[in-house]
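# Chain and residue survey
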Amino acid sequence: MLSVVRGRRLFGSLIKAHGVHGQPTVVNLPFTHRLNSSAVDLNTAHAGKVAVMTASTDGIGLAIARRLAQQGAHVVLSSRRQENVDKAVKQLKSENLSVSGTICNVTNEDHRKSLVELALEKHGRIDYLFSNAATGPEFKNIFDTTEEEWNETFHTNVTTTFLLVKQVLPHMQKLGGGSIVLTSSAVAYSFFPNLGPYNVSKTALTGLTKILASELYPMNIRLNSLAPGLTRTSFSTAVWTNEAFLKDLIKVHGFLRLAEPEEFAGIVSFLFSSDASYLTGETVVVGGGFKTRL
């Protein structure tokens, strides 16, 4: 009963008397980007929006960059290697998509600053941030991980993610809102053997997602995470080419196959879009049946 009373008090604070008969009306909440899904044109869902993306020149990042650009966004790509940036930008421009790019090793403060500055210089705004960069030590028992490897994994996968969010925050505030998606992993919930530090860093990202979202929602900025299952990318080559590992994976997997990078593009496009206007602080697992929850 106590919880019911508290609920009434909470929702009571959101309504006020209206009209001669005192009929209640809901007070407008700060989220201004609501839109009925039936009104969304999928081909222009991100028209005029500017998306800043890390680790976005191949794999999942590139697939998402392409989808956002196809739906009208101006996408700013980045990668640790200039040749990868040049290749991806050339490829997407050949498809008549609005893209630019720069080198960005997320552990380098100057690189992170340059990425943000490029978006502002070219487009004057930042609506979306997709934080996708990650690293992990070699495939081995967690107790064989050195302190240096442990620290590098957490700095790249967790700390720089927070720093990027912090860096784009004032620019989203100027616009009156924005949307951020972090890349976590299904292993945040159910670990892959011999990838200990990587597993734990992704679990930490789910906590970071909750904390940052709670701080950002009063600013009309939504923050969610994507948690992919095992995907056929260059980053995960050492895992999906390991036949013994894949044999064990079958025991906990649903589809019994790897995902392709393109299978995440629609999910992230949705998370950025106005269709997800009431969704924040969530980690969306796209794991092909990988056992992550009850």
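The structure reproduced in this document is the subject of the present report. (Residues numbered from 1 in each chain as written. Predicted model: local features only at pLDDT ≥ 70, side-chain atom pairs only at ≥ 80, totals over all residues. Heavy atoms only, no water.)

### Some details on the sheet that holds strand E7 (residues 178-183)
Applied cut-off: Note: two strands are recorded as paired if DSSP finds a minimum of 2 bridges between them. We count a stretch as a helix when DSSP gives it H or I for four or more residues in a row; a strand needs E for two or more, and each element gets its number in order from the N terminus. Orientation is described by lines fitted to C-alpha atoms, with helices fitted over the stretch in contact, and by angles between N-to-C directions that extend from 0 to 180 degrees.
If you trace the seven strands from one edge of the open sheet to the other, you get E5-E4-E3-E6-E7-E8-E9, paired in parallel fashion. Looking at strand neighbours, the two that pair on one side only are strand E5 (99-103) and strand E9 (283-286), the edges of this open sheet. Adjacent strand axes in the sheet meet at a mean angle of 20° when their direction is disregarded. Two elements, strand E4 (residues 74-79) and E5, share five bridges in a ladder whose sense is parallel. Across the sheet, Leu77 pairs through a bridge with Gly101, a residue of E5.

### Examining the environment of Pro218
Our working definition: Remark: exposure states derive from per-residue accessible area (1.4 Å probe, protein chains only) relative to the maximum for the residue type, with buried under 20%, exposed over 50%, and partly exposed in between.
The residue Pro218 is located in the loop between helix H6 (196-216) and strand E8 (221-228) in this model. Given a relative accessible area of 52%, Pro218 falls into the exposed group. The spacing of Pro218 and Gly177 is 41 residues in sequence and 9.5 Å in space, taken between C-alpha atoms.

### Notes on helix H9 (residues 265-272)
Residue pairs spaced three or four apart in an α-helix point in one direction, given the helix's 3.6 residues per turn. Just so we agree on the cut-off: Arc definition: directions from the helix axis to the C-beta atoms.
Along H9, the residues that are buried comprise Ala265, Val268, Ser269, Leu271 and Phe272. Taken end-on, H9 shows its buried residues confined to a sector of 160°, consistent with a single buried face.

### What about the packing of aromatic side chains?
Defined as follows: For Phe, Tyr and Trp, where Trp contributes only its six-membered ring, two rings pair if their centres lie within 6.5 Å, and the inter-plane angle classes them as stacked under 30 degrees, edge-to-face over 60, or tilted in between.
Under the criterion given, the structure shown has two aromatic pairs. Each ring, one from Tyr128 and one from Phe272, has its centre 4.5 Å from the other, and the planes form 20°; the classification is stacked. One end of the pair, Tyr128, is in strand E6 (residues 128-131); the other, Phe272, is in helix H9, and 144 residues separate them in sequence. We note that Tyr128, like Phe272, is buried. Judged by centre distance (5.1 Å) and plane angle (25°), the rings of Trp150 and Phe154 are stacked.

### A word on helix H4 (residues 109-123)
Stated precisely, the cut-off is as follows: Helix span, as expected, comes to 1.5 Å for every residue beyond the first. Here, residues are in contact when the closest pair of their heavy atoms is within 4.5 Å. By the criterion applied in these results, polar contacts are pairs of N or O atoms within 3.5 Å in which, for protein atoms, one can donate a hydrogen and the other can accept it, and in which residues neighboring in sequence qualify only through two side-chain atoms.
Over its 15 residues, H4 runs 22 Å from end to end, which matches the ideal 21 Å to within 8%, given 1.5 Å per residue. Among the residues of H4, Arg112, Leu115, Val116, Leu118 and Ala119 are the ones counted as buried. Buried residues in H4, looked at end-on, bunch into an arc of 150°, giving them a common side. More than 90 degrees from the buried face of H4, the exposed residues found are Glu109, Asp110 and Glu121. Buried residues along H4 sit against strand E3 (50-53), E4, E5 and helix H5 (147-175). Regarding H4, its N-cap is Asn108, as a side-chain oxygen of that residue lies 2.9 Å from the backbone nitrogen of Asp110 further along. One or two steps after H4, the chain reaches Gly124, where phi turns positive at roughly 75°.

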